[in-house]
2 protein chains.
Amino acid sequence: MDERTMLGLLADRLPRAGDDAAVIDGLVVTIDMLHETTDFPPGTTRYTAGWRAVGASLSDVAAMGAEPTAAVAVYGAPVFEQAEILAFVDGARDVCEGAGSEYVGGDLDSHEEFTVSTAAVGRTDDPVLRSGARPGDAICVTGTLGRSAGAVRLFERGELERANELFRFEPRIEAGRALAPYASAMMDSSDGLARSLHQLAEASACGMAVETPLPVDDVVDSVAGPDERLELGAFFGEDFELVCTIPEPHLPKAKSATPTPLTRIGTVVEEGITLDGEPMPDRGYTHQG
Amino acid sequence: MDERTMLGLLADRLPRAGDDAAVIDGLVVTIDMLHETTDFPPGTTRYTAGWRAVGASLSDVAAMGAEPTAAVAVYGAPVFEQAEILAFVDGARDVCEGAGSEYVGGDLDSHEEFTVSTAAVGRTDDPVLRSGARPGDAICVTGTLGRSAGAVRLFERGELERANELFRFEPRIEAGRALAPYASAMMDSSDGLARSLHQLAEASACGMAVETPLPVDDVVDSVAGPDERLELGAFFGEDFELVCTIPEPHLPKAKSATPTPLTRIGTVVEEGITLDGEPMPDRGYTHQG
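Residues numbered from 1 in each chain as written. Chains lettered and ligands numbered in written order. Predicted model: local features only at pLDDT ≥ 70, side-chain atom pairs only at ≥ 80, totals over all residues. Heavy atoms only, no water.

### Description of the UniProt feature "binding site: Mg(2+) 3" (unreviewed entry) in chain A
All names here are of chain A.
Piece 1. When the UniProt feature table is mapped onto this chain numbering, "binding site: Mg(2+) 3" (unreviewed entry) sits at Asp20, Asp60 and Asp188. What stands out for the annotated residues spanning 169 residues is how close their C-alpha atoms remain, the widest pair being 7.4 Å apart.
Piece 2. Looking at the secondary structure, you find Asp20 in the loop between helix H1 (3-10) and strand E1 (22-24).
Piece 3. Within polar-contact distance, the side chain of Asp20 engages the side chain of Arg130 at 2.7 Å.
Piece 4. Looking at where Asp60 falls in the secondary structure, it is placed in helix H3 (residues 46-63).
Piece 5. Asp60 gets classed as buried once you look at its relative accessible area, which sits at 7%.
Piece 6. Those residues in contact with Asp60 that lie beyond four places of it in its chain are Asp20, Ala21, Thr30, Asp32 and Asp188. (UniProt positions renumbered as here; feature names shortened; annotations may be inferred. Helix = DSSP H or I, 4+ residues; strand = E, 2+ residues; numbered from the N terminus. Polar contact = N/O pair within 3.5 Å; in protein donor to acceptor, adjacent residues only side chain to side chain. Buried < 20%, exposed > 50% of the residue type's maximum accessible area, 1.4 Å probe, protein only. Contact = heavy atoms within 4.5 Å.)

Structure below.
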């Protein structure tokens, strides 16, 4: 059974699940797990790993339109190297500081594979769910897509400094809070734009019609040919941008309120998920290994 | 470098770390990771694993004297078996329900080894830290010690039902809240009584003089000879009882306020950690494998 099917089955038992983070009495809570073989290519520094792992949880808080309060992490590794752990903690602290949050610690765990689990908590009185998109709403995305895809190619090429830099994304906290009063539905793009659109459509019982050009990051053009541009931009994922739907009348105000560039990429429709009129498959990039 | 040394080094960078959970603006946050080879003996059901993993985080909230609000978990496994995941979620939900908290969901992660990460959040305006013990305070422990040690022996013997039952401990939420107004220092006994005493002593810059008999659970006598009684009761750990220090004048009120039996096992002293006058080593049970 795949992950998506299973999460669907659990929905009945866990009514607060189904969004990027759970909300209970205005408190936003989320937890994630990343590990070496699937999430940290060779060459990823521990500083970047700390930044990115904690950033992933902060991004979930951002996707609810919430304000993060604190984050914690478990650092699981076969050996505890002082320099590596201090670098990890520095990365975790720095991404929290940039997000107006505080990294308050966590735990160490002996683990065969380098494995990191992170949790973040935040607050909002008016969370933005995945279920509020309505036909006619504009579909928008913050920032640019494909940065993590580009980073992975750069890791493969051995351009480690630039790859690490791209991997240290900025969780879209301010954008999420700015969009919250206007967005009808929102989530982050961690599974790729295509999957995000399918999940928003499913939760909102509607369709999504998206048109190129998409705001694909320049790094994609520098590491891949034009034939891969869409694949890396729309399907690869792990970018942690916000994908949201905004009722047309609110769009100008939403755009001017958001510190991060906000690009309209399409319109919510009654049914079907399409890219330039063709069905857009519900899949992420096929990761190697 | 061992885990304890490393956590000590991190203290400077993480001023809110060092207790069972971090506290920020009255919000209590904690995260833990458990995995198959070290935490779930063969025969542990997924229901018990969900209960125990989430319970471990709730116990950290209890140790701060706080009220838990919600818990989340990541379920990491090589395959996602529907029955196993539903059982895990049921265990997680049930332990939360018994603790007056809510299990609000989490995530799935493909992972070679069965690995669970859990986080819990709670609230308190007056957390009990590890650092408040003062010479003359009574040292107390809730419930009985050695239940998890007994469970591990029963797993080895194939008495799985009783072993699972013992493994599903009750996080001491009510006891923690009842003790909070009286306790000068508190933590849980997840690393064993001996390690808890050393950690309380270190944080409070004092010593601990403990006397037998300790409140060792009857299950220990049923699975081990008298020569192992103290080893399994005082050093094995993973029991998730509360170990606290209480100023003498408060002791009668603390005892009557606590729903779980509270046993005085010694007295805080100026220096040295002793059991019946002999040095009590700072070690847990030597787990096999």
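### Structural notes on the relation of the copies chain A and chain B
Piece 1. For the pair chain A and chain B, the superposition axis carries a translation of 0.0 Å, the fit reaches an RMSD of 0.0 Å, and the rotation angle comes to 180 degrees. These values place the two chain copies in the arrangement generated by a two-fold rotation axis.
Piece 2. Comparing interface residues between copies, 100% of those in chain A also lie at the interface in chain B; the contact surface is shared. (Least-squares fit on C-alpha atoms with pLDDT ≥ 70 in both.)

### Looking at the side chain of His35 of chain A
Piece 1. Along the polypeptide, His35 of chain A turns up in strand E2 (residues 27-35).
Piece 2. One polar contact links the side chain of His35 of chain A to the main-chain carbonyl oxygen of Ser110 of chain B, over a distance of 2.8 Å.
Piece 3. For His35 of chain A, the contacting residues outside a window of four places in its chain are Phe40, Glu113, Phe114 and Thr115 of chain A together with Asp109, Ser110 and His111 of chain B.

### Brief notes about the pairing of strand E4 (residues 102-110) of chain A
Residue and element names in this part refer to chain A.
Piece 1. With seven bridges connecting them, strand E3 (residues 67-77) and E4 associate as parallel partners. Bridging across to E4, Gly76 finds its partner in Asp109.
Piece 2. Between the parallel pair E3 and E4, the chain is carried across by helix H4 (residues 82-98), and the sense of this crossover is right-handed. (Pairing = 2+ DSSP bridges. Right-handed = clockwise from strand over helix to strand, strands pointing away.)

### Observations regarding the sheet that holds strand E9 (residues 242-246) of chain B
All names here are of chain B.
Piece 1. Read across the open sheet, the seven strands follow the order E7-E9-E6-E10-E8-E11-E12; overall the sheet is mixed. In this open sheet, the two strands that pair with only one neighbour each are strand E7 (185-188) and strand E12 (278-279).
Piece 2. As paired strands, strand E8 (residues 207-210) and strand E11 (residues 273-275) are joined by three bridges and run parallel to one another. Directly across from Ala209, in E11, lies its bridge partner Thr274.
Piece 3. The strands touched by helix H3 (residues 46-63) are E7 and E9; relative to E7, the strand with the most contacts, the crossing angle is about 175 degrees. (Axes fitted to C-alpha atoms, helices over the stretch in contact; angles between N-to-C directions.)

### Focus on the nonpolar core
Residues and elements named next belong to chain A.
Piece 1. Counting residues in each nonpolar core, the largest one holds 52 residues, and the members touching the most others are Val54, Phe88, Tyr103 and Ile246.
Piece 2. By residue number, the principal contributor to this core is H3, which donates eight residues.
Piece 3. Here Val54 is in contact with Ala71, Ala73, Ala92, Val95, Cys96, Tyr103 and Thr118, once residues within four sequence places are set aside. (Core = buried A, V, L, I, M, F, W, Y, C linked by side-chain atoms within 4.5 Å.)

### Thoughts on the UniProt feature "binding site: Mg(2+) 2" (unreviewed entry) in chain A
All names here are of chain A.
Piece 1. Following the UniProt record, the feature "binding site: Mg(2+) 2" (unreviewed entry) maps to Asp32 and Asp60 here. A maximum C-alpha distance of 9.4 Å is found for the annotated residues, which run over 29 residues; spatially they form one tight group.
Piece 2. Among the structural elements, Asp32 can be located in strand E2.
Piece 3. Within polar-contact distance, the side chain of Asp60 engages the side chain of Thr30 at 3.0 Å.

### A word on the domain arrangement of chain A
Residues and elements named next belong to chain A.
Piece 1. Per the domain assignment, the segments of chain A are domain 1 (3-123) and domain 2 (138-279).
Piece 2. Here domain 1 and domain 2 have C-alpha centroids that lie 21 Å from each other.
Piece 3. The partner domain 2 presents 23 residues to the 26 residues of domain 1 that form the contact.
Piece 4. Counting across the interface, domain 1 meets domain 2 through two salt bridges.
Piece 5. There are 10 residue pairs in polar contact (both at pLDDT 80 or more) connecting domain 1 and domain 2.
Piece 6. Secondary-structure elements contributing two or more residues to the side of domain 1 that touches domain 2 are H3 and E3.
Piece 7. The element best represented in the side of domain 1 that touches domain 2 is H3, accounting for 11 residues. (Domains from an automatic or database assignment. Salt bridge = Lys/Arg side-chain N within 4 Å of Asp/Glu carboxyl O.)

### Observations concerning the pattern of salt bridges
Piece 1. Applying the stated rule across the entire model yields 34 salt bridges over all chains.
Piece 2. Two residues, Arg162 of chain A and Glu159 of chain A, come together in a salt bridge whose shortest N-O distance is 3.8 Å.
Piece 3. A relative accessible area of 38% places Arg162 of chain A in the partly exposed class.
Piece 4. In this structure Glu159 of chain A comes out as partly exposed when scored by relative accessible area, which is 34%.
Piece 5. Salt bridges sharing common partners tie together Arg13 of chain A together with Asp90 and Arg93 of chain B.

### A few points about the interface of chain A and chain B
As a measure of interface size, the accessible area lost when the parts come together is often cited.
Piece 1. In this assembly, 50 residues from chain A lie in contact with 50 residues from chain B.
Piece 2. The contact between chain A and chain B buries some 4,500 Å² in all, and 69% of this surface belongs to carbon and sulfur atoms.
Piece 3. Three residues stand out in chain A for area buried against chain B, namely Arg13, Ile31 and Met33 of chain A, and they jointly supply 15% of the buried area on that side.
Piece 4. Seen at the junction of chain A and chain B, the total is four salt bridges.
Piece 5. Here Arg13 of chain A ties to Asp90 of chain B by a salt bridge, and the two come within 2.6 Å at their closest N and O atoms.
Piece 6. Applying the counting rule to chain A against chain B returns 13 residue pairs in polar contact (both at pLDDT 80 or more).
Piece 7. Mapped by element, the contributors of at least two residues to the side of chain A that touches chain B are H1, E1, E2, E3, H4, E4 and strand E5 (115-123) of chain A.
Piece 8. At nine residues, E4 of chain A tops the list of elements feeding residues into the side of chain A that touches chain B. (Buried area = accessible area lost by both parts, 1.4 Å probe.)

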